[in-house]
Amino acid sequence: MTQQKNNHIQADNCLAPRILVVTAVDAERDAVLRGLDENTSFTVIAGGVGPAAAAVSTALELAASPSYELVISAGIGGGFSGAAELGTLVLADVVIAADLGAETAERFIPLDELGFGSASLPVSEAWRERLQGVIRQSGLPLHVGPVLTVSTATGTAETAGLRASLVPGAAAEAMEGYGVAQAAAKLEVPFLELRSISNAVGPRDRAAWRIGEAMQVLSEAFSAIRFIAKEMHQ
Ligand SMILES: O=C(O)c1cccc(C(=O)CC[C@H]2O[C@@H](n3cnc4c(=O)[nH]cnc43)[C@H](O)[C@@H]2O)c1
């Protein structure tokens, strides 16, 4: 049995959920839940599209329940060519707000250069290594690298090239990770981002998006990691 209130779903028999998973949309949340067994330590919420909605949803949930020891930003995402192909997973080793900054006639100036803080936020290395090991053991194709957070999904080869040049080794882009990471940092909860690649970062071709396949791989990833909370404490 599960309890459902608004867009929160949680296992009945789990008194203190320890891992919070924040997706953008309901379809991603449901894919994560399909992969998780109900007898687990996860709460899964659909926090909305974009970094602002994701940050607010995450902060409210973390503040309401002090038992969380990990928050994962998860869902589908775009993969950078040569790094992450359709049907693969990307686990972030850093998240970068790739369009946060200022535009000039010559170039884009990132937040760090403007002196307003950092556009990069770290992930928990201990949790990343653990998830990386478990997902690799399951046989799912996994790439570890930088995941960009953008407010506007890339739709041209020019923007894809610009973003790849700003972040060497860029593996994937999505629209929530930096927001979830900001909330997690403020509330001092370790953070990860996991993306299942549904489309290539580049010229927009909605018909070529493989959302169903990406949702299936997302489910399989969470099936593989569903006992991770217990294992971290053994
Ligand atoms: O159209 C549908 O049927 C549909 C079903 C489920 C999810 C979607 C989404 O579009 C999810 C939006 C979510 O996906 C991330 N995303 C995916 N690809 C990219 C990308 O190339 N660039 C940036 N973000 C991407 C993003 O996190 C969105 O919140 C549609």
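Rules used in this analysis
Residues numbered from 1 in each chain as written. Predicted model: local features only at pLDDT ≥ 70, side-chain atom pairs only at ≥ 80, totals over all residues. Heavy atoms only, no water. UniProt positions renumbered as here; feature names shortened; annotations may be inferred. Helix = DSSP H or I, 4+ residues; strand = E, 2+ residues; numbered from the N terminus. Rg over C-alpha atoms; globule rule 2.2 N^0.38 Å. Buried < 20%, exposed > 50% of the residue type's maximum accessible area, 1.4 Å probe, protein only. Contact = heavy atoms within 4.5 Å. Areas by Shrake-Rupley, 256 points an atom, 1.4 Å probe, with all protein chains shown as cover. Lys, Arg positive; Asp, Glu negative; His and termini not counted. Charge placed at Lys NZ, Arg CZ, Asp CG, Glu CD. Salt bridge = Lys/Arg side-chain N within 4 Å of Asp/Glu carboxyl O. Near = heavy atom within 4 Å. Polar contact = N/O pair within 3.5 Å; in protein donor to acceptor, adjacent residues only side chain to side chain. 1 Å grid on protein atoms, 1.4 Å probe; cavity = no way out; pocket = protein on both sides within 12 Å on 5 of 7 lines; lining within 4 Å. Sits in = over half its atoms within 2 Å of the grid points. Nonpolar A, V, L, I, M, F, W, Y, C, P; charged D, E, K, R; others polar.

The protein appears in an unreviewed UniProt entry as Futalosine hydrolase from Paenibacillus chungangensis. If you open the UniProt record of the protein and go to Pathway (unreviewed entry), you find "Quinol/quinone metabolism; menaquinone biosynthesis."

Caption draft 1: Layout of the overall build of the protein. If you tally the helices and strands in the protein, you get eight helices and twelve strands. Relative to its length of 234 residues, the protein is compact, with a C-alpha radius of gyration of 17 Å against a globular reference of 17 Å. Burial analysis of the protein (234 residues in total) assigns 48% to the buried set. Looking at the protein alone, contacts between residues at least 24 apart form 76% of all its contacts between residues at least 6 apart. When the accessible surface of the protein is split by element, carbon and sulfur atoms take 54% of a total near 10500 Å². With 16 positive and 26 negative side-chain charges, the protein shows a separation of 4 Å between the mean positions of the two kinds.

Caption draft 2: Broad picture of the pattern of salt bridges. This model, assessed by the stated rule, comprises nine salt bridges. A salt bridge links R29 to D30, with the nearest nitrogen and oxygen atoms 3.1 Å apart. Since its relative accessible area comes to 6%, R29 is described here as buried. Across the pair D99 and R163 runs a salt bridge whose closest N-O atoms are separated by 3.6 Å. Of this pair, D99 sits in the loop between strand 6 (89-97) and strand 7 (101-103) while R163 sits in helix 5 (residues 157-166), and the two are 64 residues apart along the sequence.

Caption draft 3: Quick look at the site of the ligand. Near the ligand there are 20 residues, and of these E173, M175, E176, N199 and R206 occur at the shortest range. Here R195 contributes a side-chain N or O atom positioned 3.4 Å from an oxygen atom of the ligand. Residue N199 places a side-chain N or O atom 2.8 Å away from an oxygen atom belonging to the ligand. Burial of the ligand by the surrounding chains reaches 79%, relative to a free accessible area of 600 Å². Taken atom by atom, the bulk of the ligand overlaps the largest pocket. Those elements giving two or more residues to the shell around the ligand turn out to be helix 1 (26-35), strand 5 (70-79), strand 11 (172-174), strand 12 (191-200) and helix 7 (211-224). For the shell around the ligand, the class distribution of residues is eleven nonpolar, four polar and five charged.

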